[in-house]
Amino acid sequence: MSQLTHINASGEAHMVDVSAKMETLREARAEAWVVMHPDTLRMILEGSHHKGDVFATARIAGIQAAKRTWELIPLCHPLMLSKVEIILTAEPEHHRVRIESRCCLTGKTGVEMEALTAASVAALTIYDMCKAVQKDIVIENVRLLSKSGGKSGDFQAVKYD
């Protein structure tokens with residue numbers, strides 16, 4: 001198992017120095033699930049929610065969150081993302097929405113945190129927009145799906161459902 005990179009020799013938290021690292025193409029994908037009552041999901045899909053287009057708002061929120069991850073997570077580097085994509089897929093048969101985020105750049109550090117933040121904030125936005133209709137919406141299974149690029153190599157999560 002690798003060592004924690006954000007802890008220095010004295011056991012103190014610190015920002016990792018990436019100045020000597022090579023720039024490489026990096027990509028990360030993450031997902032989150034939002035489980036709700038069938039009527040709530042139907043309202044979203046029919047566009048009859050009084051707050052407007054829930055998916056469009058969640059998509060924009062996820063993109064904005066990825067771009068601002070460095071302001072939210074204390075030891076993250078500010079990154080010049082070249083691509084942020086948020087895909088929302090309704091699964092009415094399971095009363096849920098799957099959110100998948102994808103972040104890309106050419107840089108010295110990975111974009112896993114950006115992808116995870118994007119998926120999380122998109123899910124939180126769905127909750128925020130729908131909480132007046134349903135308070136017990138569940139956000140679950142936020143996880144990294146894959147990452148590529150960098151010294152640590154590629155990662156692919158095990159598929160489960």
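Residues numbered from 1 in each chain as written. Predicted model: local features only at pLDDT ≥ 70, side-chain atom pairs only at ≥ 80, totals over all residues. Heavy atoms only, no water.

Draft legend 1. Representation of the nonpolar core. Counting residues in hydrophobic clusters, the biggest one holds 31 residues, and the most contacted among them are M36, L88, V97, I99 and I126. Only β1 (24-35), α1 (38-46), α2 (54-67), β2 (83-91), β3 (96-107) and α4 (112-130) provide two or more residues apiece to this core. A per-element tally of this core places α4 first, with nine residues. In this structure, M36 is in contact with L41, I44, H95, V97, I126, Q134 and I137, ignoring residues within four places of it in sequence. (Core = buried A, V, L, I, M, F, W, Y, C linked by side-chain atoms within 4.5 Å. Buried < 20%, exposed > 50% of the residue type's maximum accessible area, 1.4 Å probe, protein only. Helix = DSSP H or I, 4+ residues; strand = E, 2+ residues; numbered from the N terminus. Contact = heavy atoms within 4.5 Å.)

Draft legend 2. Here's a closer look at the sheet that holds strand β5 (residues 155-156). Reading across from one edge, β2-β3-β1-β4-β5 is the order of the five strands in this open sheet, with antiparallel pairing throughout. With one partner strand each, in any of the chains shown, β2 and β5 form the two edges of the open sheet. Here β2 pairs with β3 via nine bridges, running antiparallel. Following the sheet pairing, T89 is matched in β3 by R98. (Pairing = 2+ DSSP bridges.)

The values are spatial; any link to function lies outside them.
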